[in-house]
Amino acid sequence: MAETLNQQHHADDHHDEDVHDANYQAPPEKTIEEIMAADQEDESLRRYKEALLGAAQAEKIIVEPNDPRKVIVKKLALVVEGRDDMELDLTGDISQLKQQVFVIKEGVQYKVRIDFIVQREIVHGLKYVQKTYRMSLPVLVDKMAHMVGSYPPKKEIQNYLTPPEEAPSGMISRGTYSVSSVFTDDDKHIHLKWDWTFEIKKDWE
């Protein structure tokens, strides 16, 4: 796992200092129009911005008109080579997600994939933070934090895939784990926060 820590913590609590660097000052938010209007005399920068923004520079991209959010998180998937992805639908009642338990074979390599939509405006510095706890103890056993990056609005679903992680192995590591996840950004917007569960077993069944 990404980082092993031994400290007591409640599974539903994401302190702001854990998610955001207190010393980091994010640049001011800018609309797509403001981004395109700046530095017009720099031809290479102008072409870079056009390539980055794509269709978003010509039209206001709104995928779900009834949803005012800029980032809509659609799905979390556990990706293991040679197996079907194990997926969590994040568009419904997220309070029920902990009832759906993923089974992970001990010692396997896995990745986490987040599927999301960006609409209306560009989003800067997306970040995924995940904290893992043993169900039997209120102890934080692992924390991963990944900078996802900046994304322009697109009509298509975009995604981020984490680097490989290794599931713990050995009899002492087998059992059920609770995970608290948050998808945030440089401007400290919490796009989605959810809890889910997995179980480490000797084999997949």
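For the structure itself, consult the block above.
The present account deals with the structure reproduced in this document. (Residues numbered from 1 in each chain as written. Predicted model: local features only at pLDDT ≥ 70, side-chain atom pairs only at ≥ 80, totals over all residues. Heavy atoms only, no water.)

1. A few points about the overall build of the protein
Put simply, the rule reads: The helix count covers DSSP runs of H or I at least four residues long, the strand count covers runs of E at least two residues long, and both are numbered beginning at the N terminus. In this scheme, a residue with accessible area under 20% of its type's maximum is buried, one over 50% is exposed, and one in between is partly exposed, where area comes from a 1.4 Å probe on protein chains only.
Looking only at helices and strands, one finds three helices and eleven strands in the protein. Seen in sequence order, the protein has helices and strands lined up from the N terminus as β-α-α-α-β-β-β-β-β-β-β-β-β-β. Evaluated residue by residue, the protein yields a buried proportion of 43% over its 205 residues.

2. Section: unusual backbone geometry
Even without being a glycine, Arg120 presents a positive backbone phi close to 75 degrees. Following the sequence through the fold, Arg120 ends up in the loop between strand E5 (109–118) and strand E6 (123–134). Accessibility expressed as a relative area gives 19% for Arg120, which makes it buried. In this structure, Lys188 takes a positive phi of about 65 degrees despite not being glycine. Considering the arrangement of structural elements, one finds Lys188 in the loop between strand E10 (175–184) and strand E11 (192–201).

3. Description of the pairing of strand E7 (residues 139–151)
On a regular strand, one side chain projects to one face of the sheet and the next to the other, so that they alternate. Condition: Note: two strands are recorded as paired if DSSP finds a minimum of 2 bridges between them.
Pairing of E6 with E7, which is carried by nine bridges, proceeds in the antiparallel orientation. Counted as the bridge partner of Val129 is Ala145 from E7. Hairpin connection, E6 to E7: the antiparallel pair is bridged by four residues.

4. Let's talk about the environment of Lys105
Secondary-structure assignment places Lys105 in strand E4 (residues 101–105). With a relative accessible area of 29%, Lys105 lands in the partly exposed category. Placed 63 residues apart in sequence, Lys105 and Pro168 show a C-alpha to C-alpha distance of 9.0 Å.

5. Side note on the nonpolar core
Formally: Put simply, a nonpolar core is a bunch of buried Ala, Val, Leu, Ile, Met, Phe, Trp, Tyr and Cys residues held in one set by side-chain atoms that sit within 4.5 Å of each other. Should any heavy atoms of two residues lie within 4.5 Å, those residues are counted as being in contact.
Judged by nonpolar contacts, the single largest core of 35 residues is most densely connected at Leu76, Ile114, Phe116, Tyr128, Phe183, Trp194 and Trp196. Looking at this core, the elements that each hand over two or more residues are strand E2 (71–79), strand E3 (86–89), E4, E5, E6, E7, E10 and E11. Look past the residues within four positions of Leu76 in its chain and what remains in contact with it is Met86, Glu87, Leu88, Leu90, Phe102, Val112, Arg113, Ile114, Tyr128, Trp194 and Trp196.

6. Side note on the packing of aromatic side chains
As a reminder, the rule being used: Any Phe, Tyr or Trp ring, taking Trp's six-membered ring, that has another such ring centre within 6.5 Å forms a pair; planes under 30 degrees apart are called stacked, those over 60 apart edge-to-face, and the others tilted.
All chains considered together, the criterion is met by six aromatic pairs. Seen from their ring centres, Phe102 and Trp196 are 5.9 Å apart, and the 70 degrees between their planes marks the pair as edge-to-face. Here Trp196 lies in strand E11 and Phe102 lies in strand E4, a separation of 94 residues in the sequence. Overall, Phe102 belongs to the buried group, its relative accessible area being 5%. The class for Trp196 is buried, based on a relative accessible area of 1%. Among the aromatic residues, those joined into a cluster by ring pairs are Phe102, Tyr177, Trp196 and Phe198.

7. Section: the environment of Ala145
Its place among the elements puts Ala145 in strand E7. Accessibility expressed as a relative area gives 42% for Ala145, which makes it partly exposed. With 18 residues separating them in the primary sequence, Ala145 and Lys127 have C-alpha atoms 7.2 Å apart. Non-local contacts of Ala145, meaning those with residues more than four positions away in its chain, are made with Lys127, Tyr128 and Val129.

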